[in-house]
Amino acid sequence: MSEAGGFPRRDTDGRILTLGDLLGVSLAGVVIGVLALVLFDAAFASFGAGDFGSANGWLAIILPAWLFWDDFRAWEFGAARVVAALVAAVTGVLAGLLVAGLAAGLPALASGALAAAAFAVAYATIWFPGVRWLARRTG
């Protein structure tokens, strides 16, 4: 069952209903985070406080992490949500580090932003089915 209105769509317990909603909102959060970082980085570069593109693009993961935390809290306390979150986080960090390594020649803002997007995709694709599967298995 879905609560009225809002995006992402959630069930009556506050859990996100579809993987598409989770991926869409988390990637939108990465884009918003990158845009904010570009604005801050441009402002600091214009004041002479560094070169443009030197901000850490990994900071773009803040909004998706908040979304993931919110969905984590919506699940009942228990091993299913903890194990799913840990596996998703480790997978997400590894995916992000791999992408950051592959994009090492780019400015920090760009390589970090790509890494943040990889983290968000990896985390969501592991977390969403994983927590549901584990919750069914553990009752």
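Trainee: Any chance you could break down the packing of aromatic side chains for me, citing the residues and the numbers?
Mentor: Tallied over the full model, the rule gives five aromatic pairs. Relative to Tyr123, the ring of Phe68 has its centre 4.4 Å away and its plane inclined at 25°; by these criteria the two rings are stacked. Pair noted here: Phe68 is in helix α2 (residues 62-74) and Tyr123 is in helix α4 (residues 108-138), with a separation of 55 residues, a long-range link. An identical accessibility class is assigned to Phe68 and Tyr123; each is buried. With centroids separated by 6.3 Å and ring planes inclined at 20°, the aromatic side chains of Tyr123 and Trp127 adopt a geometry described as stacked. With Tyr123 and Trp127 both in helix α4 and four residues apart, this pair spans about one turn of that helix. The buried category is assigned to Tyr123, whose relative accessible area is 7%. Relative accessible area serves as the criterion here: at 0%, Trp127 is assigned to the buried category. What links up through ring pairs into an aromatic cluster is the set Phe68, Trp69, Phe72, Phe119, Tyr123 and Trp127.

Trainee: Any details on the confidence of the model for the protein? Residues and values, ideally.
Mentor: In this model, the protein carries a mean pLDDT of 87, and residues with pLDDT of at least 70 account for 94%. Per-element confidence in the protein is highest for helix α3 (residues 79-102), whose mean pLDDT is 93, and lowest for helix α1 (residues 19-46), whose mean pLDDT is 90.

Trainee: Outline the packing of α2 against α4, supporting the account with residue identities and numerical values.
Mentor: Put simply, α2 and α4 touch, their axes get as near as 11 Å, and they point 15° apart. In terms of orientation, α2 and α4 fall into the roughly parallel class. The two elements α2 and α4 meet at a crossing, and its hand is left-handed. In contact with Pro64, Phe68, Asp71 and Phe72 of α2, α4 contributes Phe119, Ala120, Tyr123, Ala124 and Trp127. When grouped by side-chain class, the residues that make up the contact of α2 with α4 number eight nonpolar, no polar and one charged.

Trainee: Could you give an account of the pattern of salt bridges, naming the residues involved and the relevant values?
Mentor: Under the criterion given, the structure shown has five salt bridges. With a shortest N-O distance of 3.0 Å, Arg10 and Asp70 are connected by a salt bridge. With Arg10 in the segment before α1 and Asp70 in helix α2, this pair connects stretches of sequence that are 60 residues apart. Taking the shortest distance from any N to any O, the salt bridge between Arg15 and Asp11 comes out at 2.9 Å.

Trainee: So what's going on with α1? Residues and values would help.
Mentor: An ideal rise of 1.5 Å per residue puts 40 Å on 28 residues; α1 measures up with 40 Å between its terminal C-alpha atoms. Looking only at α1, the buried set comprises Asp21, Leu22, Leu23, Ser26, Gly29, Val30, Gly33, Leu37 and Asp41. Of the residues flanking the end of α1, it is Gly48, one or two places downstream, whose phi is positive at about 80°.

Trainee: Before we move on, could you go through the environment of Leu67 and cite the residues and values that matter?
Mentor: Take Leu67: it is sitting in helix α2. Here the alpha-carbon distance between Leu67 and Ile126, two residues 59 residues apart in the chain, equals 15 Å. When residues no more than four places from it in sequence are discounted, the contact partners of Leu67 are Pro8, Arg10, Ile16, Leu22, Val25 and Ser26.

What counts, and at which threshold
- Residues numbered from 1 in each chain as written.
- Predicted model: local features only at pLDDT ≥ 70, side-chain atom pairs only at ≥ 80, totals over all residues.
- Heavy atoms only, no water.
- Phe/Tyr/Trp six-rings, centres within 6.5 Å; stacked < 30°, edge-to-face > 60°.
- Helix = DSSP H or I, 4+ residues; strand = E, 2+ residues; numbered from the N terminus.
- Buried < 20%, exposed > 50% of the residue type's maximum accessible area, 1.4 Å probe, protein only.
- pLDDT = per-residue confidence, 0-100.
- Axes fitted to C-alpha atoms, helices over the stretch in contact; angles between N-to-C directions.
- Parallel < 35°, antiparallel > 145°, perpendicular 65-115°, else oblique.
- Left-handed = near helix turned anticlockwise from the far one by under 90°.
- Contact = heavy atoms within 4.5 Å.
- Nonpolar A, V, L, I, M, F, W, Y, C, P; charged D, E, K, R; others polar.
- Salt bridge = Lys/Arg side-chain N within 4 Å of Asp/Glu carboxyl O.
- Expected span 1.5 Å × (residues − 1).

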